[in-house]
Amino acid sequence: MTLQSAINLSVNVGALRLSNPILAASGTFGYGVEFAHLVDLNRLGGIVVKGLSLEPIAGAPAPRLCETPSGMLNAVGLQNVGVRAFVAEKLPALRQYRTSVIANVFGYTVDEYVGVIRILEEAEGLAAYELNISCPNTAHGGIQFGSDPQSVSEVVSAARQAARRPLWVKLSPNVTDITVIARAAQEAGADALTVANTYQAMSIDVQTRKSRLGRVTGGLSGPAIKPITLRLVFEARREVKIPVIGLGGIEKADDVLEYVIAGASAVQVGTANFSQPGACVEILNQLERSCRDNNINSINGLIGSLEADCS
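Parameters and conventions
- Residues numbered from 1 in each chain as written.
- Predicted model: local features only at pLDDT ≥ 70, side-chain atom pairs only at ≥ 80, totals over all residues.
- Heavy atoms only, no water.
- Pairing = 2+ DSSP bridges.
- Helix = DSSP H or I, 4+ residues; strand = E, 2+ residues; numbered from the N terminus.
- Axes fitted to C-alpha atoms, helices over the stretch in contact; angles between N-to-C directions.
- Contact = heavy atoms within 4.5 Å.
- pLDDT = per-residue confidence, 0-100.
- Buried < 20%, exposed > 50% of the residue type's maximum accessible area, 1.4 Å probe, protein only.
- Salt bridge = Lys/Arg side-chain N within 4 Å of Asp/Glu carboxyl O.
- Expected span 1.5 Å × (residues − 1).
- Phe/Tyr/Trp six-rings, centres within 6.5 Å; stacked < 30°, edge-to-face > 60°.
- Parallel < 35°, antiparallel > 145°, perpendicular 65-115°, else oblique.
- Left-handed = near helix turned anticlockwise from the far one by under 90°.
- Nonpolar A, V, L, I, M, F, W, Y, C, P; charged D, E, K, R; others polar.

### Considerations on the sheet that holds strand β3 (residues 22-24)
Around the barrel, eight strands lie side by side as β3-β4-β7-β8-β9-β10-β15-β16; this closed barrel has parallel pairing. Each adjacent strand pair in this sheet contributes to an overall mean axis angle of 25°, direction not counted. Running at roughly 160° to strand β9 (residues 167-171), helix α4 (residues 149-162) makes contact with β8 (128-132) and β9 of the sheet.

### Details of the confidence of the model for the protein
On average, residues of the protein score 96 in pLDDT, and 98% of them reach the 70 mark or higher. Ignoring residues within four places in sequence, the model shows residues 1-5, a span with pLDDT below 50, making five contacts including any to other chains.

### A few points about the environment of Ile250
In this structure, Ile250 sits in the loop between β15 (244-247) and α7 (253-262). We classify Ile250 as buried; its relative accessible area is 3%. Each C-alpha atom of the pair Ile250 and Ile225 lies 9.6 Å from the other, and the pair is 25 residues apart in sequence.

### Here we look at the pattern of salt bridges
Under the counting rule described, the total for this entry stands at 12 salt bridges. It is possible to trace a salt-bridge network through shared partners that takes in Lys226, Lys252, Asp255 and Glu258.

### Notes on helix α3 (residues 110-121)
The terminal C-alpha atoms of α3 lie 17 Å apart, and with 12 residues this matches the ideal 16 Å at 1.5 Å per residue to within 8%. As for α3, its buried residues are in contact with α2 (83-94), β7 (100-105), β8 and α4.

### Describing the packing of aromatic side chains
Scanning the entire structure with this criterion turns up four aromatic pairs. When the ring of Phe29 is compared with that of Phe35, the centres are 4.0 Å apart and the planes differ by 20°; the resulting orientation is stacked. Assigned by exposure class, Phe29 and Phe35 land together as buried. Both rings, one in Tyr31 and one in Phe86, keep their centres 6.1 Å apart while their planes meet at 35°; by these two values the pair is tilted. With Tyr31 in the loop between β3 and β4 (46-48) and Phe86 in helix α2, this pair connects stretches of sequence that are 55 residues apart. The same class applies to Tyr31 and to Phe86, which are both buried.

### Considerations on the packing of helix α5 (residues 178-187) against helix α6 (residues 226-239)
Geometry of a packed helix pair, given as the angle between the helix axes and the separation of the axes. Across the interface, α5 lies against α6 with an axial gap of 9 Å and an inter-helix angle of 45°. Comparing their axes, α6 and α5 come out oblique. Where α5 crosses over α6, the two elements pack in a sense that is right-handed. Each of Ile178, Thr179, Ala182 and Arg183 in α5 lies in contact with α6, whose residues at this interface are Leu232, Glu235, Ala236 and Glu239. For the contact of α5 with α6, the per-class residue count stands at four nonpolar, one polar and three charged.

This is the structure we're talking about:
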């Protein structure tokens, strides 16, 4: 009996069944096809492609990345080729692989989100959508969609009406109480939640007295944020009945297991892809070995198994 057949790593994220819980996170893995010569894409549970907007976006000025202790800051500015070019140029190549492909979708108005989804609805080869609601809602004064329950409800409801495929909502951690936002997304029709996006942060060059990024602030990711995001996953999962996908600082199998035990049905690997393009597959290999060594036949039994007194 082979190791792969002895251990069941398949998981369900709502109606979507994944071969394993390891997904490549949006914005860290291109459109997937760029990594095909470095990684066996068929080994991955899924690929969440770079965020797609209605029209192409050039992105933020350089520099766009800088290292921080146990992490990094990014201010890429959601650069992407636009949804139409993705469907015409990227998606055909992705269809060659067995792995589930999830389209990350964003906009600056509700109509833009819906417009992207409507174009994707006409295309084959996608398993689900992931709404990035960490964008400023330009129709409502620039407040982030994801920081206001009413805005969350509005955009998720509109996307739900436009989408036949499963709808994941990627939450922002930059809120006072993530359970309020999680509940609003669930009630508006989300099938799953991705917890969470990056943390607003900054870094300054003391010699030049300027930001180390082309923009003053950026998003903090990497191992430094894992303990904080792990708590958010735990809190969100206790609040909602839909699955939660954990995202933040995953570099090894134990990180995956922590998120799963806290309540995540699957995880996304992000920053690790920058330093090691094969990180997702290496973490998957470690996870298989860890399950074997600890006599875990199915990872599903670990989901939400944290023993905690929350009274």
